[in-house]
Amino acid sequence: MRAVLDHVGIAVKDLAAALAFYRDALGLEIEPPEEVASQRVRAHFIPAGEANLELLEATAADSPIARYVDKRGPGLHHITLRVDDIHAAMSHLKDRGVRMIDDVPRPGAEGSTIAFVHPSAAHGVLIELKQSPNKSAISNLQFALSRFTVGNLELISVLDGFIRLDGGAMFGVVPKPLWSRVAPPDERNRITLAMRPLIVRGARTMLIDAGLGDKENEKFHDIYGVDRTRNLDQTLAEAGLTPEDIDIVLASHLHFDHAGGFTTRGATGRVKPKFPRAQYIVRRGEWEDATHPNERNRASYLADNYVPLADAGVLQLVDEDRTIMPGVRVRRTGGHTMHHQMVVIESGGKVAAFVADMMPTTAHVADAWIMGYDLYPLDTLAAKQQFAADAIAKEILVFFEHDPVRAAGYLGIENGRRVVRDRP
Ligand SMILES: [Zn+2]
Ligand SMILES: [Zn+2]
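On a predicted model such as this, the values are computed, not experimentally measured, just so you know. (Residues numbered from 1 in each chain as written. Chains lettered and ligands numbered in written order. Predicted model: local features only at pLDDT ≥ 70, side-chain atom pairs only at ≥ 80, totals over all residues. Heavy atoms only, no water.)

## Brief notes about the overall build of the protein chain
Here comes step 1: Check the secondary structure of the protein chain and you find 11 helices and 26 strands.
Here comes step 2: With 424 residues in all, the protein chain has 52% of them scored as buried.
Here comes step 3: Pairs at least 24 apart in sequence give 63% of the contacts found in the protein chain among residues at least 6 apart.
Here comes step 4: Total accessible area on the protein chain stands at roughly 19000 Å², and carbon and sulfur atoms take up 50% of it.
Here comes step 5: For the protein chain, the separation between the mean place of its 49 positive charges and that of its 56 negative charges on side chains is 3 Å. (Helix = DSSP H or I, 4+ residues; strand = E, 2+ residues; numbered from the N terminus. Buried < 20%, exposed > 50% of the residue type's maximum accessible area, 1.4 Å probe, protein only. Contact = heavy atoms within 4.5 Å. Areas by Shrake-Rupley, 256 points an atom, 1.4 Å probe, with all protein chains shown as cover. Lys, Arg positive; Asp, Glu negative; His and termini not counted. Charge placed at Lys NZ, Arg CZ, Asp CG, Glu CD.)

See below:
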């Protein structure tokens with residue numbers, strides 16, 4: 001492995017005083033800060049030759065940086081070494097008995113993937129390994145925009161940030177020693193999930209799901225560990241699109257992490273459709289359930305995300321599996337909710353599928369890995385088995401809406417187990 005110094009992280013207590021030294025006295029230039037909501041920290045990067053300095057400022061009293069400063073005072077916090085392939089680097093180190101804090105890589109700032117080496121292995125220094133956003137077409141796309149072609153349709157995976165949900169609830173009957181290896185929980189037992197809506201460009205421009213959106217308050221953001229530092233507005237813009245360009249918004253179902261972005265709060269405080277020209281398409285059964293929630297599903301259905309669509313006259317309900325625009329069909333899966341649907345995209349002999357919460361992450365491709373949130377888990381099982389056989393036979397490109405690292409991949413069988421890989 002080849003490791004290159006990327007940056008040196010410095011925990012600061014008094015940012016103004018730190019800027020007086022690093023910027024004014026040393027004459028270094030400071031980049032606009034980047035806020036990492038999940039870590040409750042603001043990072044100020046300072047280019048210094050080949051590498052950077054990074055001033056780390058806590059944004060809350062319970063931030064890991066605040067705790068560090070309380071305990072040891074401001075100063076050197078970590079150094080970051082950049083590697084080409086973080087998976088290879090980690091197994092190289094593990095083979096040599098190096099103790100890691102992270103057993104699997106996780107998303108870092110600006111599209112990177114990171115993992116920490118334990119300070120006891122690095123002679124008292126906290127070392128972060130970092131792999132920059134990958135050029136590889138499919139893997140490690142947690143922030144990067146990724147474009148795919150299916151016949152004469154263009155598919156663009158976008159991002160509305162990350163949320164954290166209870167790890168146990170995300171994996172149902174799977175015991176924690178198993179799921180925690182693939183999805184390491186935080187101190188509140190939550191795991192990180194991405195929200196990746198999909199754009200389909202063909203005869204018209206369609207957006208499938210829209211993430212959490214921007215209407216929720218600070219308490220909600222704390223409970224669900226929301227990090228929308230990178231969000232749908234930005235990633236749409238990077239795809240060369242504005243909300244006005246979207247003709248059709250299609251819902252897999254109406255849970256808040258899928259439909260939150262359907263609406264936004266206007267200047268007067270009134271909630272209105274986010275995509276001013278779009279028709280919004282929702283399955284009728286899902287609409288009925290969402291507008292008549294019960295005690296089991298009430299927390300997932302927030303009326304402001306979809307009732308304003310009906311009020312604005314932009315809602316279209318569909319009753320059955322059918323073509324929404326040329327090449328794009330909805331297919332009911334049930335399971336997660338009674339009327340949860342997936343989207344099948346087919347053109348020029350190629351097939352892709354946006355499977356939403358039937359297989360929210362790559363870990364969920366295994367039969368028994370079914371969310372505890374699912375209302376009808378045995379229906380999820382049947383839908384998954386049927387889909388997986390189809391996906392392998394037809395080499396379907398599968399989009400994983402909540403996977404923190406991978407936007408899409410192909411299902412395969414290796415050593416008798418269902419896996420996700422870059423090629424069919
Ligand atoms: Zn859901
Ligand atoms: Zn979901």
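There is more to say, and it comes next.
## Describing the coordination of the zinc ion (ligand 2)
Here comes step 1: On the protein side, the zinc ion (ligand 2) has Asp 257 (OD), His 258 (NE2), Asp 357 (OD), Asp 357 (OD) and His 402 (NE2) as donor atoms, found 2.1 to 2.8 Å from it.
Here comes step 2: Donor residues for the zinc ion (ligand 2), ordered by position in the chain, follow D-H-x98-D-x44-H.
Here comes step 3: A separation of 3.5 Å is found between the zinc ion (ligand 2) and the zinc ion (ligand 1), both of which receive a donor from Asp 357. Placement of the pair is Asp 257 in helix H8 (residues 256-259) and His 402 in the loop between strand E24 (397-399) and strand E25 (408-414), with a sequence separation of 145 residues. In this structure, Asp 257 and His 402 share a single accessibility class: buried. (Donors = N, O, S within 2.8 Å, 3.2 Å for Na, K, Ca; no water.)

## Some words on the pattern of salt bridges
Here comes step 1: Throughout the structure, instances matching the rule amount to 21 salt bridges.
Here comes step 2: One connected set of salt bridges, linked through shared partners, spans Asp 6, Arg 82 and Lys 130. (Salt bridge = Lys/Arg side-chain N within 4 Å of Asp/Glu carboxyl O.)

## Observations concerning the coordination of the zinc ion (ligand 1)
Here comes step 1: In this structure, His 253 (NE2), His 255 (ND1), His 336 (NE2) and Asp 357 (OD) serve as the protein donors to the zinc ion (ligand 1), at separations of 2.1 to 2.2 Å.
Here comes step 2: Given four donor atoms and angles of 88 to 177° at the metal, the environment of the zinc ion (ligand 1) is assigned as irregular.
Here comes step 3: We note that the donor set of the zinc ion (ligand 1) lies within a single chain, spaced as H-x1-H-x80-H-x20-D.
Here comes step 4: By relative accessible area, which is 1% here, His 253 ends up buried.
Here comes step 5: Assessed through its relative accessible area of 3%, His 336 is described here as buried. (Tetrahedral: all angles 85-135°; square planar, octahedral: opposite > 155°, others 65-115°.)

## Looking at helix H9 (residues 284-291)
Here comes step 1: Among the residues of H9, Gly 285, Glu 286, Trp 287 and Ala 290 are the ones counted as buried.
Here comes step 2: In this structure, the buried side of H9 is in contact with strand E18 (279-283), helix H10 (307-311) and strand E19 (315-318).

## Points about the packing of aromatic side chains
Here comes step 1: Applying the stated criterion to the full structure yields nine aromatic pairs.
Here comes step 2: On the numbers, 4.8 Å between centres and 80° between planes, the contact of Phe 21 with Tyr 22 is edge-to-face.
Here comes step 3: You can call Tyr 22 buried: its relative accessible area is 17%.
Here comes step 4: Consider the rings of Phe 171 and Trp 179, whose centres lie 5.8 Å apart with planes at 20°: the pair is stacked. (Phe/Tyr/Trp six-rings, centres within 6.5 Å; stacked < 30°, edge-to-face > 60°.)

## Some remarks on the sheet that holds E18
Hydrogen bonds along the backbone pair up the strands of a sheet, which may run parallel or antiparallel.
Here comes step 1: A sheet is described by the order of its strands in space; here seven strands give the open sequence E9-E10-E13-E14-E15-E18-E19, paired in mixed fashion. At either margin of the open sheet sits one strand with a lone partner, and together these are strand E9 (146-150) and E19. For this sheet the average axis-to-axis angle between neighbouring strands, irrespective of direction, equals 25°.
Here comes step 2: Summarising the sheet, strand E14 (residues 205-208) and strand E15 (residues 248-250) pair through three bridges and their orientation is parallel. Paired with Leu 207 across the two strands is Val 249, which belongs to E15. (Pairing = 2+ DSSP bridges. Axes fitted to C-alpha atoms, helices over the stretch in contact; angles between N-to-C directions.)

## Some points on the sheet that holds E24
Here comes step 1: A sheet is described by the order of its strands in space; here seven strands give the open sequence E20-E21-E22-E23-E24-E25-E26, paired in mixed fashion. The open sheet has two edge strands, strand E20 (323-325) and strand E26 (417-421), and neither has a second partner. With strand direction ignored, the average angle separating the axes of adjacent strands in the sheet is 35°.
Here comes step 2: Sheet topology note: the strand E21 (residues 328-332)/strand E22 (residues 341-347) ladder contains five bridges and is antiparallel. Within E22, the position partnered with Val 328 by the bridge is Ile 345.
Here comes step 3: On the sheet, helix H11 (residues 377-393) packs against E21, E22, strand E23 (350-354), E24, E25 and E26 and is oriented at approximately 95° with respect to E25.

## Description of the side chain of His 78
Here comes step 1: Its location among the elements puts His 78 in strand E5 (residues 75-82).
Here comes step 2: Note on His 78: relative accessible area 5%, which makes it buried.
Here comes step 3: A distance of 3.4 Å separates the side chain of His 78 from the side chain of Glu 54, its partner in a polar contact.
Here comes step 4: Residues in contact with His 78, not counting those within four places in the same chain, are His 7, Val 8, Gly 9, Glu 54, Leu 56, Leu 126 and Glu 128. (Polar contact = N/O pair within 3.5 Å; in protein donor to acceptor, adjacent residues only side chain to side chain.)

## With respect to the pairing of strand E4 (residues 51-58)
Consecutive side chains of a regular strand alternate in pointing toward one face of the sheet and then the other.
Here comes step 1: The buried fraction of E4 amounts to six of the eight residues, a majority that puts the element mostly inside the structure.
Here comes step 2: Of the strand pairs in this sheet, strand E1 (residues 4-12) and E4 are connected by six bridges, and their pairing is parallel. In the strand pairing of E4, Ile 10 is matched with Leu 55.
Here comes step 3: For strand E3 (residues 41-48) and E4, the ladder comprises eight bridges, and the chain directions are antiparallel.

That is the geometry; function is a separate question.
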